[in-house]
Amino acid sequence: MSTSFQNIKGTFDILPDAYTDGGTRIASSAEWHAVEETIRDVMHRHNLEEIRTPIFEPTELVARGIGQMTDIVSKEMFAFERSGTNYVLRPEITAPVMRSFLQHHLEQRGGVQKLFYIGPCFRAEQPQKGRYRQFHQFGVEVIGADDARADAETIAIMMSVYRAFGVDNTTLRINTLGMPEARAKFVNALREYLEPYEDDLSETSRRRLAKNPLRILDTKLDYEQEILADAPVLTEFVEDESREHYVQVKTYLDELDIDYDEDPLLVRGLDYYTRTAFELESPDLGAQSALAGGGRYDLLAEEIGSKQPVPSIGFAAGMERLFLAIEAAGNDLPEPEGADLFFASLGEEAEHWVFQTVHRLRGEGLHVAHDLKGRSLKSQMKEANRQNATYAIIIGGNELEAGAAQIKHMASGEQVEVPFDRIVDYVRDETANVEE
Ligand code: AMP
């Protein structure tokens with residue numbers, strides 16, 4: 001069977017079975033589910049609550065939140081207009097969460113709001129391994145906390161997620177960006193330093209020199225890195241208060257035995273960051289090595305209309321890259337569970353009985369499968385295997401007369417006769433014994 005339609009480049013389907021797309025393994029829906037469950041479990045253990053926001057937002061929110069000059073806003077947004085209003089598919093989830101926090105006055109719940117999310121994001125980037133146009137992020141926002149413990153705890157939560165999947169080969173880089181005044185002074189100094197080298201810079205960096213020189217620090221080009229070797233360093237411009245905060249963050253990270261590298265060149269691509277910034281990388285991931293990143297965004301709330309400052313910190317992480325890192329670490333993903341019981345039927349009368357019984361047993365809580373195509377017994381048993389069913393039962397005229405059938409344990413081939421009214425108990429007891 002076929003169609004002339006294809007999923008859009010830079011997106012992918014998540015199917016019942018894992019498959020390979022352009023050399024990348026796309027996990028099965030059951031694997032996605034299991035990975036999301038583990039993430040939720042880590043989040044709950046850290047006393048976080050889930051928040052879900054719409055996948056589209058007003059363009060204005062995203063542009064003001066992330067910053068007009070960033071790559072995301074200036075060239076990577078999927079935008080559309082309807083009845084005079086401009087919308088974008090969300091490229092990230094921090095600005096939407098802050099909008100939601102402010103709109104619903106979540107501060108009235110009292111204390112610090114510790115929120116997490118999992119969901120799709122959209123960016124019109126050039127697709128490649130680990131980089132999609134629709135991808136999925138999970139992340140944390142700790143809203144209303146100025147204390148350096150919030151920074152260290154946010155980083156600790158991020159590290160715990162990767163530990164839960166046995167992904168240990170990672171590098172955590174941290175930096176302090178200071179407040180915007182410090183950054184503005186630094187940006188001027190950086191621009192002054194780079195201007196004499198303008199002709200030696202790549203076209204991208206020349207453009208950034210005019211618009212957003214901070215982004216030049218992200219360059220992967222050797223000759224640009226050489227030029228940057230003697231450039232002014234942001235840390236030297238950072239005010240005392242941010243510096244003191246940074247020292248505290250490091251002390252708390254030390255208390256939790258979290259290793260980090262200090263990287264004075266780490267600036268992050270989004271405008272809203274203040275003070276603490278961090279990034280988690282994996283050397284196993286190739287060009288797209290960033291697993292997760294985050295930082296403080298003490299000014300975002302005011303940027304999107306709050307009268308009061310709302311000091312906050314968070315991180316965002318890519319699900320697709322988490323899958324790549326789990327694979328690179330050689331760790332198994334959880335096996336999807338098959339049906340408890342598969343019913344095969346022989347003859348029309350049996351088909352009716354099976355059809356009703358399957359429905360009834362499902363109502364009693366068993367995971368039950370059967371054939372909907374009226375195929376041969378052999379094909380039905382093949383299907384039981386494919387579905388990884390624990391037990392199979394064949395129902396024909398004889399079984400209906402006897403009110404009992406052979407129940408076959410698929411893995412061992414062992415068969416036991418069970419009266420119809422004992423099927424549920426038998427499957428339950430046996431599965432419980434295996435699990436013990
Ligand atoms: P950012 O908001 O850019 O810091 O992104 C946070 C994390 O999301 C990154 O560290 C990546 O793991 C992931 N990510 C960002 N953009 C993409 C993309 N286009 N495709 C897949 N993952 C992405």
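Data block above holds the structure.
Residues numbered from 1 in each chain as written. Predicted model: local features only at pLDDT ≥ 70, side-chain atom pairs only at ≥ 80, totals over all residues. Heavy atoms only, no water.

*Asks:* Even after reading the chapter, I still don't get the overall build of the protein chain, so can you show me in this structure?
*Replies:* Across its full length, the protein chain carries 15 helices and 18 strands. For the protein chain, the C-alpha atoms occupy an extent of roughly 90 × 50 × 45 Å along the three principal directions. The contacts in the protein chain between residues at least 6 apart in sequence include a share of 68% that link residues at least 24 apart. Only carbon and sulfur atoms are counted for the fraction: they give 47% of the accessible area of the protein chain, which is about 22,600 Å². If the 45 positive side-chain charges of the protein chain are averaged to one point and the 76 negative ones to another, these points end up 5 Å apart. (Helix = DSSP H or I, 4+ residues; strand = E, 2+ residues; numbered from the N terminus. Contact = heavy atoms within 4.5 Å. Areas by Shrake-Rupley, 256 points an atom, 1.4 Å probe, with all protein chains shown as cover. Lys, Arg positive; Asp, Glu negative; His and termini not counted. Charge placed at Lys NZ, Arg CZ, Asp CG, Glu CD.)

*Asks:* Hey, could you run me through the packing of helix H5 (residues 148–164) against helix H9 (residues 240–255) in this one?
*Replies:* The description of two helices packed together rests on the angle between their axes and the distance between the axes. Relative to each other, H5 and H9 sit at 45°, their axes nearing to 8 Å. Taken together, the axes of H5 and H9 are oblique relative to one another. As H5 packs across H9, the resulting crossing turns out to be right-handed. Contacts from Ala148, Arg149, Asp151, Ala152 and Ile155 in H5 reach His245, Gln248, Val249, Tyr252 and Leu253 in H9. Looking at side-chain class alone, the contact of H5 with H9 contains six nonpolar, two polar and two charged residues. (Axes fitted to C-alpha atoms, helices over the stretch in contact; angles between N-to-C directions. Parallel < 35°, antiparallel > 145°, perpendicular 65-115°, else oblique. Left-handed = near helix turned anticlockwise from the far one by under 90°. Nonpolar A, V, L, I, M, F, W, Y, C, P; charged D, E, K, R; others polar.)

*Asks:* Can you help me understand the packing of aromatic side chains in this one?
*Replies:* What characterises a pair of aromatic rings is the spacing of the ring centres plus the angle enclosed by the ring planes. On inspection of all chains with the given rule, the structure shows 13 aromatic pairs. The interplanar angle of 70° and the centroid separation of 5.5 Å between the aromatic rings of Phe56 and Tyr87 together place this pair among those described as edge-to-face. One end of the pair, Phe56, is in strand E4 (residues 56–58); the other, Tyr87, is in strand E6 (residues 85–89), with 31 residues separating them in the sequence. A relative accessible area of 41% means that Phe56 is categorised as partly exposed. Of the residues examined, Tyr87 reaches a relative accessible area of 22% and is grouped as partly exposed. Between Tyr391 and Tyr426 the ring centres are 5.8 Å apart and the planes differ by 70°, which places this aromatic pair in the edge-to-face class. Of this pair, Tyr391 sits in strand E16 (residues 391–395) while Tyr426 sits in helix H15 (residues 423–435), and the two are 35 residues apart along the sequence. Residue class for Tyr426 comes out buried when judged on its relative accessible area of 14%. (Phe/Tyr/Trp six-rings, centres within 6.5 Å; stacked < 30°, edge-to-face > 60°. Buried < 20%, exposed > 50% of the residue type's maximum accessible area, 1.4 Å probe, protein only.)

*Asks:* Which parts of the structure should I look at to understand the sheet that holds strand E12 (residues 290–296)?
*Replies:* The strands making up a sheet associate through backbone hydrogen bonding, with each pair oriented either parallel or antiparallel. Across the sheet, eight strands lie side by side as E3-E7-E8-E13-E12-E11-E9-E10; this open sheet has mixed pairing. One side of each edge strand has no neighbouring strand; the edge strands of this open sheet are strand E3 (49–50) and strand E10 (261–262). The pairing of strand E11 (residues 274–281) with E12 spans six bridges and is antiparallel. Its bridge partner lying in E12, Leu280 is registered against Ala292. The sheet contacts of H9 involve strand E9 (171–176), E10, E11 and E12, and relative to E9 the element is tilted by about 155°. (Pairing = 2+ DSSP bridges.)

*Asks:* I keep staring at the environment of Asp41 and nothing clicks. Help me out?
*Replies:* Structurally, the position occupied by Asp41 is in helix H1 (residues 29–45). Residue Asp41 is classed as partly exposed on the basis of its relative accessible area of 41%. Here the alpha-carbon distance between Asp41 and Ala164, two residues 123 residues apart in the chain, equals 9.6 Å.

*Asks:* Could you clarify how one ought to interpret the sheet that holds E4 in this entry?
*Replies:* Judged by pairing direction, the sheet is antiparallel, and its three strands sit side by side in the order E4-E6-E5 without closing on themselves. With partners counted over all chains shown, the strands left at the sheet margins are E4 and strand E5 (79–82), one partner each. This sheet shows a mean twist of 35° between the axes of neighbouring strands, independent of strand direction. Both E4 and E6 contribute to a ladder of three bridges, which runs antiparallel. When the sheet's bridge partners are listed, Glu57 is paired in E6 with Val88.

*Asks:* Looking at this structure, how should I read the pairing of E5?
*Replies:* Here is the key point about a regular strand: its side chains alternate between the two faces of the sheet. As paired strands, E5 and E6 are joined by four bridges and run antiparallel to one another. Looking at the pairing, Phe80 lines up with Tyr87 of E6. Joining the antiparallel neighbours E5 and E6 is a turn of two residues, in which Ser83 adopts a positive phi near 45°.

*Asks:* Mind showing me how you'd approach the layout of surface pockets here?
*Replies:* Here the idea is plain: a probe the size of a water molecule rolls over the atoms and shows the empty space left. If you add up the space inside the second largest pocket, you get close to 400 Å³. Pro16, Asp17, Pro336, Arg386 and Gln387 are the residues nearest the centre of the second largest pocket, which is lined by 17 residues in total. If you tally residues by element for the lining of the second largest pocket, the top one is H1, at three residues. Across the lining of the second largest pocket, the residue classes break down as five nonpolar, six polar and six charged. Split by domain, the residues of the lining of the second largest pocket number at least three in each of domain 1 (19–179 + 238–329) and domain 2 (341–429). (1 Å grid on protein atoms, 1.4 Å probe; cavity = no way out; pocket = protein on both sides within 12 Å on 5 of 7 lines; lining within 4 Å. Points joined across faces, edges and corners; volume = space filled by probe spheres on them. Domains from an automatic or database assignment.)

*Asks:* Got a minute to help me understand the packing of H1 against helix H11 (residues 319–328) in this structure?
*Replies:* For the pair H1 and H11, the least separation of the axes is 12 Å and the interaxial angle reads 100°. In terms of orientation, H1 lies roughly perpendicular with respect to H11. Contacts between H1 and H11 involve Glu31, Trp32, Val35, Glu36 and Ile39 from the first element and Met319, Glu320, Leu322 and Phe323 from the second. Of the residues contributing to the contact of H1 with H11, the split by class is six nonpolar, no polar and three charged.

*Asks:* Looking at this structure, I do not really get H11. What am I missing?
*Replies:* In an α-helix, one turn spans 3.6 residues; hence positions three or four apart end up facing the same way. The element H11 is largely enclosed, with a buried count of eight among its ten residues. Met319, Glu320, Arg321, Leu322, Phe323, Leu324, Ala325 and Ile326 are the residues of H11 that are buried. Lining the buried residues of H11 we find strand E2 (24–26), H1, strand E8 (134–143), H5, E12 and strand E13 (312–318). One or two residues past the end of H11 sits Gly330, with phi positive at roughly 75°.

*Asks:* Even after reading the chapter, I still don't get a negative patch on the surface, so can you show me in this structure?
*Replies:* A cluster of acidic residues, Glu192, Glu195, Glu198, Asp199 and Asp200, forms a negative patch on the protein surface. Summarising the element assignment, Glu192 is placed in helix H6 (residues 180–194). Using a relative accessible area of 60% as the deciding quantity, one classes Glu192 as exposed. (Patch = residues over 30% accessible without salt bridge, like charges linked within 9 Å, V, L, I, M, F, W, Y side chains within 5 Å. Salt bridge = Lys/Arg side-chain N within 4 Å of Asp/Glu carboxyl O.)

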